Amino acid sequence: MRLFDLHCDTLYECEKQNVSLERNSLHLDLIRGEQYAAWCQVFAVWMPDTLRGEAAFDRCCQVLRFARAQAQQYSHRLRLVDTAEELSTAVQGGLCGGILAVEGGSALAGRLEAVAALRALGVRVLTLTWNGENEWGYGCGCHSTEGLKPFGKRAVAELERQGILPDVSHLNEAGFWDVADAVSGPFMASHSVLRAVHDHPRNLTDAQFAEICRRGGLVGLNLCEAQLGEQTMDRWYRHLEHGLSLGGEHTIAVGGDLDGTDLPAAWSGIAFAEKLAAYLAQKGYSDELLDRIFFQNAFKFFQATLQRSQDTL
Ligand SMILES: [Zn+2]
């Protein structure tokens, strides 16, 4: 089985706890990831809502430098990819194809030029907000009906210009539609499920999901109990089925949020994908559809996105 997972906090936790990405007691490490025939992972640097200004920028750079040092130390297991070709080479060579992300636009410290600085450190995905308010706009935890702030609108256009994918998970609904207006290409929701199945402010409405599909974007279904409504395989299957019913066959992927959310023992660790896939196979999903959900949709999306940013830079 192949796995392309769109979100985890493991890198951030490794740096914080001073443990290695290669082997640790967190939800995933490079050795355990090798249980998959191919494995690509988006590694996020989380920006807590208590961190703002230059302290946020400095903290983000510190974790990104840790990521680069880990990739150098464990280069036989991990390749941090910057181009479509590097992504293919990593997968063909049996390495984890790692993609760096930042979870929280506060990492820019309100400076547009920080986009280029983060890009230079290898960032390819940026989640605009976490749950709170920042310089860009309002996270879904604010219960605000305001959209992106003027800085957020400028910054999201700058992300697109620099080849960093905007990620709308955690963003409030008005902000989502401002992102849709501000960018011309696809964008993603790295770890979100669906509001029609469980009404939660972190979840995507059908209209939001359809917009991401229409633009050729990506939605990584996550595993968080509060968002799913019930942390069972059946409930996850219901979110997936609803997404498929909305035409998401080429849009849906997984964003496990490992080390960012509590998991039941049955799902614990990176083996969660194998367990979910086995459950879905029992429900009659074909191997082809499972591979699309767990790997191919995200792989194709990143191939195209990385290639496009090479072509335009
Ligand atoms: Zn998150």
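Quick caveat, the model's predicted, so the values are computed rather than measured.

Notes on the coordination of the zinc ion
The textbook angles at a metal center are 109.5 degrees for a tetrahedron of four donors and 90 or 180 degrees for an octahedron of six.
Consideration 1: Within the protein, Glu103 (OE), His170 (NE2) and His191 (NE2) serve as the donor atoms for the zinc ion, at 2.0 to 2.2 Å.
Consideration 2: One chain supplies every donor to the zinc ion, and in sequence these donors are spaced E-x66-H-x20-H. One end of the pair, His170, is in the loop between strand E6 (165-167) and helix H7 (173-182); the other, His191, is in the loop between strand E7 (188-189) and helix H8 (206-214), and 21 residues separate them in sequence.
Consideration 3: Residue class for His191 comes out buried when judged on its relative accessible area of 0%.

Details of the environment of Gly33
Consideration 1: Tracing the sequence through the fold places Gly33 in helix H2 (residues 30-33).
Consideration 2: In this structure Gly33 comes out as buried when scored by relative accessible area, which is 1%.
Consideration 3: It is 9.5 Å that separates the C-alpha atoms of Gly33 and Arg77, two residues lying 44 residues apart in sequence.

Structural notes on the pattern of salt bridges
When the charged atoms of two side chains lie near each other, side chains of opposite charge can form a pair.
Consideration 1: Under the definition given, this model contains 20 salt bridges.
Consideration 2: Glu54 is the partner of Arg111 in a salt bridge, and the nearest nitrogen-oxygen pair spans 2.9 Å. Here Arg111 is found in the loop between strand E4 (96-103) and helix H5 (114-120), whereas its partner Glu54 is found in helix H3 (residues 54-73), with 57 residues between them in sequence.
Consideration 3: Of the charged contacts in the structure, one is a salt bridge between Asp82 and Arg119, with a shortest N-O distance of 3.2 Å. Linking Asp82 in the loop between strand E3 (78-80) and helix H4 (84-92) with Arg119 in helix H5, this pair joins segments that are 37 residues apart in sequence.
Consideration 4: On the basis of relative accessible area, Asp82 is assigned to the partly exposed category, the value being 28%.
Consideration 5: The exposure class assigned to Arg119 is buried, which follows from its relative accessible area of 13%.

Rules used throughout
- Residue numbers restart at each chain and count upward from 1, following the sequence in its written direction.
- The model is predicted, so local features are restricted to residues of pLDDT at least 70 and side-chain atom pairs to those at 80 or more, both for listing and for counting; the totals for chains, interfaces and linings are taken over all residues.
- Side-chain metrics rest on all non-hydrogen atoms present in the structure, leaving aside hydrogens and water.
- Think of the donor list as every N, O and S atom within 2.8 Å of the metal, or within 3.2 Å for Na, K and Ca; water never makes the list, so a site can look incomplete.
- Only DSSP runs of H or I with at least four residues qualify as helices, and only runs of E with at least two residues qualify as strands; both kinds are numbered from the N terminus onward.
- Note on classification: 1.4 Å probe, protein chains only; a residue is buried when its accessible area is under 20% of the maximum for its type, exposed when over 50%, partly exposed between these limits.
- Each salt bridge in this description consists of a side-chain nitrogen of Lys or Arg and a carboxyl oxygen of Asp or Glu lying within 4 Å of one another.

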